[in-house]
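This is what each chain is made of:
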Amino acid sequence: NIYQIDRGYERLDERLKNWQNCLNMKYRPLPNGVEGAFIFDENSPVDNLKVFVDDDYKNYSEMLRALLLSHELRHVLQFLEFKATGIREDCVRSEVEAFESQFLFVSALHEDERESLAVSAKANLKSEEYRPILELFVIHRVVKNKCGGEIGGSCYKEELDSLLTKMVTNNSYYQKQCSL
């Protein structure tokens, strides 16, 4: 339900408060097909967390940038969790969790905002590399239709995890990144 989403973002906000002055987000040209990047270097200090966003995103809507950042900020949290626990998720699981963050972002939007974001994504993200973001909108509809309108519960979690895992493992970019 929406309360769980709000609590999730509150927890995210609480975790980031300690690190917000250490988070450095910059636009820069990124390699073809890379929209954003958080460099996960096990030896990096936590007082200089760098998130890069491709220059093209300067021209995109704020909502589209927020959608991308929800993915990259999940990777930041994964890094902070690694630094705290020494446990690192495997590559596919890491990407699935990052796409779950994007899914929750999309799910938290009002229907008209979601439609506006979908139109913006379709207009701006035309290359094959952007397919995962566009697939999020399809996955949202599939999961909602199969499991009902409320987020949570085993149906939602299992269906979402299954579809996102399939999306990541079938994507040539993530196959290369995760050595699949």
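The coordinates are above.
These figures come from a predicted structure and were not determined experimentally.

> Would you take a moment to explain helix H3 (residues 91–108) for this structure?
In an α-helix, one turn spans 3.6 residues; hence positions three or four apart end up facing the same way. The end-to-end C-alpha distance of H3, which contains 18 residues, comes to 26 Å, matching closely the 26 Å that a straight helix rising 1.5 Å per residue would cover. The buried fraction of H3 is high, at 14 of 18 residues.

> Looking at this structure, I do not really get the packing of aromatic side chains. What am I missing?
Two aromatic rings are characterised by how far apart their centres lie and by the angle between their planes. As enumerated under the stated definition, the model contains 7 aromatic pairs in all. With a centroid separation of 5.7 Å and 85° between ring planes, the pair formed by phenylalanine 99 and tyrosine 174 is classed as edge-to-face. A residue pair is termed long-range when its members are at least 10 positions apart, and phenylalanine 99 in helix H3 and tyrosine 174 in helix H7 (residues 172–177) qualify at 75 residues. Accessibility expressed as a relative area gives 3% for phenylalanine 99, which makes it buried. What makes tyrosine 174 buried here is its relative accessible area of 10%. The structure contains a cluster of three or more aromatic residues connected by ring pairs, namely Phe38, Phe40, Phe79 and Phe82. In this structure, arginine 88 is placed above the aromatic ring of phenylalanine 40, and the distance from its NZ or CZ to the ring centre is 3.8 Å.

> Which parts of the structure should I look at to understand the nonpolar core?
Side chains of a nonpolar character, in soluble globular proteins, are inclined to be buried together. One finds Tyr57, Leu64, Leu67, Leu117 and Leu164 to be the most contacted residues of the largest nonpolar core, which totals 30 residues. When contributions to this core are tallied by element, the ones reaching two or more residues are helix H2 (62–85), H3, helix H4 (111–124), helix H5 (131–147) and helix H6 (153–169). With 6 residues, H3 is the largest single contributor of residues to this core. Those residues in contact with leucine 64, other than ones at most four positions away along the chain, are Tyr57, Leu117, Ser120, Ala121, Asn124 and Leu125. Residues Val51, Val76, Leu77 and Phe79 belong to the second largest nonpolar core, which totals 8 residues.

What counts, and where the lines are drawn
- Residues numbered from 1 in each chain as written.
- Predicted model: local features only at pLDDT ≥ 70, side-chain atom pairs only at ≥ 80, totals over all residues.
- Heavy atoms only, no water.
- Helix = DSSP H or I, 4+ residues; strand = E, 2+ residues; numbered from the N terminus.
- Expected span 1.5 Å × (residues − 1).
- Buried < 20%, exposed > 50% of the residue type's maximum accessible area, 1.4 Å probe, protein only.
- Phe/Tyr/Trp six-rings, centres within 6.5 Å; stacked < 30°, edge-to-face > 60°.
- Lys NZ or Arg CZ within 6 Å of the ring centre and 35° of its normal.
- Core = buried A, V, L, I, M, F, W, Y, C linked by side-chain atoms within 4.5 Å.
- Contact = heavy atoms within 4.5 Å.

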